[in-house]
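Letter by letter, the chains look like this.
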Amino acid sequence: MDRQLLEPSQMDGNLTCRYDSTGQLVAVLPARCKLGRHTLGHSEFRAVVRDGEARIRCLACATDSVDHSWRLTATAPAPERAELSEELYFELALRRPQAARTSSDGRRA
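In short, a report on the structure. (Residues numbered from 1 in each chain as written. Predicted model: local features only at pLDDT ≥ 70, side-chain atom pairs only at ≥ 80, totals over all residues. Heavy atoms only, no water.)

A word on the sheet that holds strand 4 (residues 45–50). With mixed pairing, the four strands of this open sheet are ordered in space as 1-6-5-4. The open sheet terminates on both sides in strands that have one partner only, identified here as strand 1 (13–14) and strand 4. Note that strand 1 and strand 6 (residues 69–73) share two bridges and pair parallel. Its bridge partner being in strand 6, Asn 14 is matched across the sheet by Thr 73. (Pairing = 2+ DSSP bridges. Helix = DSSP H or I, 4+ residues; strand = E, 2+ residues; numbered from the N terminus.)

What follows is the structure, given as structure tokens:
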């Protein structure tokens, strides 16, 4: 499937940020890839905050033709640091569309 023909996914929710003890803004990112296959702390991933959107891509899932990027609305300026949270985005992971959890060959993710 031609990757350029894939439509962008809908926004998954809001990016959460917090201030650390020094007053620096820290983005709190999902700890698992959108497909639930990989823990991002142990896999390669790319997170970019730009134009009011945070996009977190699991590079291990990027070869599939399924929606593999978290898209989160970012209302704060792009933080310099980030941390991962397993619990914070748990509800969003449960609400993922069924299609996002199925690989390109029809197998369940």
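Let us now look at unusual backbone geometry. Even without being a glycine, Asp 51 presents a positive backbone phi close to 55°. By the element assignment, Asp 51 lies in the loop between strand 4 and strand 5 (53–58). Judged by relative accessible area, which is 76%, Asp 51 ranks as exposed. (Buried < 20%, exposed > 50% of the residue type's maximum accessible area, 1.4 Å probe, protein only.)

This part is about the packing of aromatic side chains. With the rule as written, the count across this model stands at one aromatic pair. For the pair Trp 70 and Tyr 89, a centre-to-centre distance of 6.5 Å together with 45° between the ring planes defines the contact as tilted. With a gap of 19 residues between them, Trp 70 in strand 6 and Tyr 89 in the loop between strand 7 (81–85) and helix 1 (90–94) connect regions that are remote in the sequence. Among the residues examined, Tyr 89 registers a relative accessible area of 4% and is labelled buried. (Phe/Tyr/Trp six-rings, centres within 6.5 Å; stacked < 30°, edge-to-face > 60°.)

Counting residues in hydrophobic clusters, the biggest one holds 16 residues, and the most contacted among them are Leu 15, Cys 33, Ile 56 and Leu 72. Of all the elements in the fold, those that place two or more residues in this core are strand 3 (25–30), strand 5 and strand 6. Looking at this core element by element, the count peaks at three residues for strand 5. Contact partners of Ile 56, with chain neighbours within four places excluded, come to Leu 29, Pro 30, Leu 40, Phe 45, Arg 46, Ala 47, His 68, Ser 69, Trp 70 and Leu 72. (Core = buried A, V, L, I, M, F, W, Y, C linked by side-chain atoms within 4.5 Å. Contact = heavy atoms within 4.5 Å.)

This next bit is on the pattern of salt bridges. By the definition in use, this model includes six salt bridges. Notably, a salt bridge pairs Arg 55 with Glu 53, separated by 3.3 Å at the nearest N-O pair. The exposure class assigned to Arg 55 is partly exposed, which follows from its relative accessible area of 30%. With its nearest N and O atoms 2.8 Å apart, the salt bridge here joins Glu 53 to Arg 71. One end of the pair, Glu 53, is in strand 5; the other, Arg 71, is in strand 6, with 18 residues separating them in the sequence. Among the residues examined, Glu 53 registers a relative accessible area of 18% and is labelled buried. Exposure remark for Arg 71: the relative accessible area of 12% places this residue in the buried category. Each of Glu 53, Arg 55 and Arg 71 takes part in a single network of salt bridges with overlapping partners. (Salt bridge = Lys/Arg side-chain N within 4 Å of Asp/Glu carboxyl O.)

Reading across from one edge, 2-3-7 is the order of the three strands in this open sheet, with mixed pairing throughout. If you trace the sheet from one side to the other, it starts and ends with strand 2 (16–19) and strand 7, each paired once. Between one strand axis and the next, the sheet turns by 35° as a mean value, whatever way the strands run. Where strand 2 meets strand 3, four bridges bridge the pair, whose relative direction is antiparallel. Residue pairing in the sheet places Arg 18 in a bridge with Val 26 of strand 3. (Axes fitted to C-alpha atoms, helices over the stretch in contact; angles between N-to-C directions.)

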